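Chain by chain, the residues:
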Amino acid sequence: MCWLKGVVRKLHAMCLMKCFREAPDVFSFSIVMKGLCNVNEVDAACGLLRGMKKYGCVPNAVVYQTLLHALCKFDRVDEGLKLFEDMILMGCMPDVESFNDFIHGLCRAKQIHEAAKLVDRMLLRGFIPNALTFGVLIHGLCRTGCNV
């Protein structure tokens, strides 16, 4: 696992040092971010998000989804909420998968009422919850012993 962190850090450095003939694009950034997130280097991946502007890159839903998933996976849902709000403010609309990841993270953090509010928000934005959405919410309710 240590060697993988080294490889990912080198990829991160390559991206930042403009070792590409052309400035890195959103695809290049998303690949490096995914690698960083896979080895729990979420802070470095979030740093790349901030650095994308220097290269004229606009983050897309894939970039936000990658970071949101990692933040929730590593129980950093408060930071995930901020990123989720930033995503919307930047005009990048979340999809059902983004909502599901965040709902799952909230349920894991035993913030069931916040997860239910997010389902309401999802509906208000015109997204239709799928079986995964309800499954995650029901599992969270059962885990915490909440009554509806």
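Everything discussed here concerns the structure shown above.
Described below are features of the structure shown in this document. (Residues numbered from 1 in each chain as written. Predicted model: local features only at pLDDT ≥ 70, side-chain atom pairs only at ≥ 80, totals over all residues. Heavy atoms only, no water.)

Description of the overall build of the protein chain
Okay, so step 1: Assigned secondary structure in the protein chain consists of 8 helices and 0 strands.
Okay, so step 2: Scanning the protein chain from its N terminus toward the C terminus, one meets helices and strands in the order α-α-α-α-α-α-α-α.
Okay, so step 3: In the protein chain, which comprises 148 residues, the share counted as buried stands at 43%.
Okay, so step 4: Partitioning the contacts of the protein chain with sequence separation of at least 6, the portion at a separation of at least 24 is 59%.
Okay, so step 5: When the accessible surface of the protein chain is totalled, it reaches about 8,700 Å², and 61% of it is carbon and sulfur. (Helix = DSSP H or I, 4+ residues; strand = E, 2+ residues; numbered from the N terminus. Buried < 20%, exposed > 50% of the residue type's maximum accessible area, 1.4 Å probe, protein only. Contact = heavy atoms within 4.5 Å. Areas by Shrake-Rupley, 256 points an atom, 1.4 Å probe, with all protein chains shown as cover.)

Structural notes on the packing of aromatic side chains
Okay, so step 1: Considering all chains together, one arrives at 3 aromatic pairs under this definition.
Okay, so step 2: With 5.4 Å between their ring centres and 10° between their planes, Phe84 and Phe102 make a pair best called stacked. With Phe84 in helix α5 (residues 77–89) and Phe102 in helix α6 (residues 96–108), this pair connects stretches of sequence that are 18 residues apart. The same class applies to Phe84 as to Phe102, namely buried. (Phe/Tyr/Trp six-rings, centres within 6.5 Å; stacked < 30°, edge-to-face > 60°.)

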